[in-house]
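Survey of secondary and tertiary structure
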Amino acid sequence: MQHESVWLATADRRAHPPIEGRLAIDIVVVGAGITGLTTALLAQQEGAHVAVLEARRVGSGTTGGTTGKVTSQHGLIYADLVGRHGFDTARRYAQANEAGLERVGTLIDEHGLDCGFTRAPAFVYSRSDEMAHEIAAEAQQAAALGLPARLNRDTGLPFDAPVAIRFDEQAHLHAGRYLTGLAKAFTDAGGQIFEGSRVTGVDDIGDSAVEVTVEGHVVRAERCVVATLLPIGLIGGCFARTTPARSYGLAVRLQGEAPTTMTITADSPTYSTRPWPDAGPNGLIVVGHGHAVGADVDTTEQYSALERWARATFDVEAIDYRWSAQDYATTDRLPYVGRVPLRPRVLVATGFAKWGLTNGTAAAMMLTDLLAERESPWLPAFDVGRIGDVGSVIETAKANLGNTVDFVKDRLTGSTPTCTHLGCGLHWNPAETSWDCPCHGSRFTEQGEVIEGPAVRPLDLS
Ligand code: FES
């Protein structure tokens, strides 16, 4: 079994050079995942000159580790969004994600991207009829919001689900090939991509420009889009209003044919499935067992538990790949997309809560509207400056405080390296052989190099 995302292992990834010296450009995008590359392509197509800076390789962050579902079916969310934010805001979220799904399809058609985009229904189900009322309410609200949702139990799974919702005309794709295709379409349109170029600073230069720093190299632009999963450093204060979670994935070959549907359980722990067409009709992707980053859990056991579920549920012949990926959720379940308060030349998008292929594409559409000074009908739902659910913000702050207390203890006993973002104590993750930060999710290699932010500087392990 290969310990690598199936999408990255099986995509033909063209290399791009690192940034050198100084560059002046209209728009600089930080991060070459779904949000960054889609924004870059759309803005370049509209006539702007755009450069993308990527710390590692195209797609090497969370998009490369996605389940690869392109769907507005996000577990149980719509009834909750209506309850928390009202019908209009929930409808904006629903419409943005349906539009994100359709835009992925049109980008694939326009640019002839070969990424296995396949329409399929997406189900959310429970194995307990105790959730019947909640699931019925979700189906009713989702349909009222205009989504293609209805109660339907034909999940295609090899067991009966007493309650389930079906979303029609959703899709799945090969995330690595989609990103590679987006990158090629962008460079074919005249855009520039620089890999191995970790941004360490984004500074406003008066009222007219932004300077982005990469280890002594500088890009000056009119606007900067920070699309780094969680904005790096302190940008937008998003780190204080989001929580990171890690999920695990397997690419599996079954002895018989795999379900052609996409499914996710509303129960805990979460199990999500979709077909894996590269392996033929017997291929299946299984994702789940998420937990808070840096939590005191045996990360190796998460793979084992996921495998046990796969083997107990299906006739598994072989497991070819395993991997894990990280994502952030906001305290009020809506992503942050738009201009950073008091920094109108800096734009961000984060908090997709594991639904980044549609949320990230929708975010890119909104960011492109902002870059072109156009109105976007969905943006009011994604306001970066909102405080959100005050109770949840306080809970997040308390959790961070607890992590900080642990950090002080660790520091006094000298028992752990400390994160270069805001100094929390790191936890060793044996499954991924990385140092993980429980506060805001930064991760570092065993040698201390940054894997993912918001930290931008390596550990001091001396
Ligand atoms: Fe913020 Fe580590 S990620 S302190």
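Structure first, text after, so check above.
In this report, the structure presented in the accompanying data block is examined. On a predicted model such as this, the values are computed, not experimentally measured, just so you know. (Residues numbered from 1 in each chain as written. Predicted model: local features only at pLDDT ≥ 70, side-chain atom pairs only at ≥ 80, totals over all residues. Heavy atoms only, no water.)

With that settled, consider the overall build of the chain. Per the secondary structure count, the chain includes 9 helices and 22 strands. For 462 residues, the compact-globule estimate of 2.2 N^0.38 gives 23 Å, and the C-alpha radius of gyration of the chain, at 21 Å, lies within 12% of that figure. Projected onto its principal axes, the C-alpha positions of the chain cover 60 × 55 × 45 Å. Taking all 462 residues of the chain together, 59% fall into the buried category. Relative to all contacts within the chain whose residues are 6 or more apart in sequence, the contacts with residues 24 or more apart total 72%. (Helix = DSSP H or I, 4+ residues; strand = E, 2+ residues; numbered from the N terminus. Rg over C-alpha atoms; globule rule 2.2 N^0.38 Å. Buried < 20%, exposed > 50% of the residue type's maximum accessible area, 1.4 Å probe, protein only. Contact = heavy atoms within 4.5 Å.)

Quick look at the nonpolar core now. Tyr78, Leu173 and Tyr178 are the most contacted members of the largest nonpolar core, which has 84 residues in total. It is helix α4 (residues 87-111) that contributes the most residues to this core, 9 residues altogether. The residues contacting Tyr178, other than those within four sequence positions of it, are Ile34, Val104, Leu107, Ile108, Leu113, Cys115 and Leu173. (Core = buried A, V, L, I, M, F, W, Y, C linked by side-chain atoms within 4.5 Å.)

Now for the side chain of Thr200. Residue placement: Thr200 occurs in the loop between β8 (192-194) and β9 (201-205). Setting aside chain neighbours within four positions, we find Thr200 in contact with Thr213, Glu215, Val456 and Arg457.

Moving on to the pattern of salt bridges. Applying the stated criterion across every chain, the model contains 24 salt bridges. Residue Arg84 pairs with Asp80 through a salt bridge whose shortest N-O separation is 2.8 Å. Note that Arg84 and Asp80 are positioned in helix α3 (residues 78-85) at a spacing of 4 residues, about one turn of the helix. On the basis of relative accessible area, Asp80 is assigned to the partly exposed category, the value being 28%. As a salt-bridge pair, Asp188 and Lys184 come within 2.7 Å of each other at their nearest N and O atoms. One end of the pair, Asp188, and the other, Lys184, are both in helix α6 (residues 175-188), 4 residues apart, so they sit about a helical turn from each other. Taking relative accessible area as the criterion, Asp188 reaches 56% and is therefore assigned exposed. (Salt bridge = Lys/Arg side-chain N within 4 Å of Asp/Glu carboxyl O.)

All told, the structure shown has 1 disulfide when counted by the stated rule. Linked covalently through their sulfurs, Cys424 and Cys439 form a disulfide whose S-S length is 2.0 Å. Looking along the S-S bond of the Cys424-Cys439 disulfide, the torsion reads about -85°, which is the left-handed sense. Of this pair, Cys424 sits in the loop between α9 (390-413) and β19 (427-429) while Cys439 sits in the loop between β20 (434-436) and β21 (443-445); the two residues are 15 residues apart in sequence, bridging distant segments of the chain. (Disulfide = S-S within 2.5 Å.)

Following both chains from N to C, one finds α3 and helix α5 (residues 132-144) inclined at 70°, their axes separated by 7 Å at the closest point. The angle between α3 and α5 places the two elements in the roughly perpendicular class. Across the interface between the two elements, Tyr78, Ala79 and Val82 from α3 touch Ala137, Glu138, Gln141 and Ala142 from α5. In terms of residue class, the contact of α3 with α5 is built from 5 nonpolar, 1 polar and 1 charged. (Axes fitted to C-alpha atoms, helices over the stretch in contact; angles between N-to-C directions. Parallel < 35°, antiparallel > 145°, perpendicular 65-115°, else oblique. Nonpolar A, V, L, I, M, F, W, Y, C, P; charged D, E, K, R; others polar.)

Attention now goes to the packing of helix α2 (residues 34-45) against helix α8 (residues 356-371). For the pair α2 and α8, interaxial distance at closest approach is 8 Å and the crossing angle is 35°. Both α2 and α8 take part in a crossing whose hand is right-handed. Residues Ile34, Thr35, Thr38, Thr39, Leu42 and Ala43 of α2 form the contact with α8, whose participating residues are Gly356, Leu357, Gly360, Thr361, Ala363, Ala364, Met365, Leu367, Thr368 and Leu371. Of the residues contributing to the contact of α2 with α8, the split by class is 9 nonpolar, 7 polar and no charged. (Left-handed = near helix turned anticlockwise from the far one by under 90°.)

Once that is clear, we can look at the pairing of strand β2 (residues 22-30). Of the strand pairs in this sheet, β2 and strand β11 (residues 217-226) are connected by 8 bridges, and their pairing is parallel. When the bridges of β11 are listed, Leu23 appears paired with Val219. Of the pairings in the sheet, the one linking β2 to strand β3 (residues 50-53) comprises 4 bridges and is parallel in character. Paired with Ile27 across the two strands is Val50, which belongs to β3. Running through α2, the crossover from β2 to the neighbouring parallel element β3 is right-handed. (Pairing = 2+ DSSP bridges. Right-handed = clockwise from strand over helix to strand, strands pointing away.)

Purely geometric stuff here, so don't read any function into it on its own.
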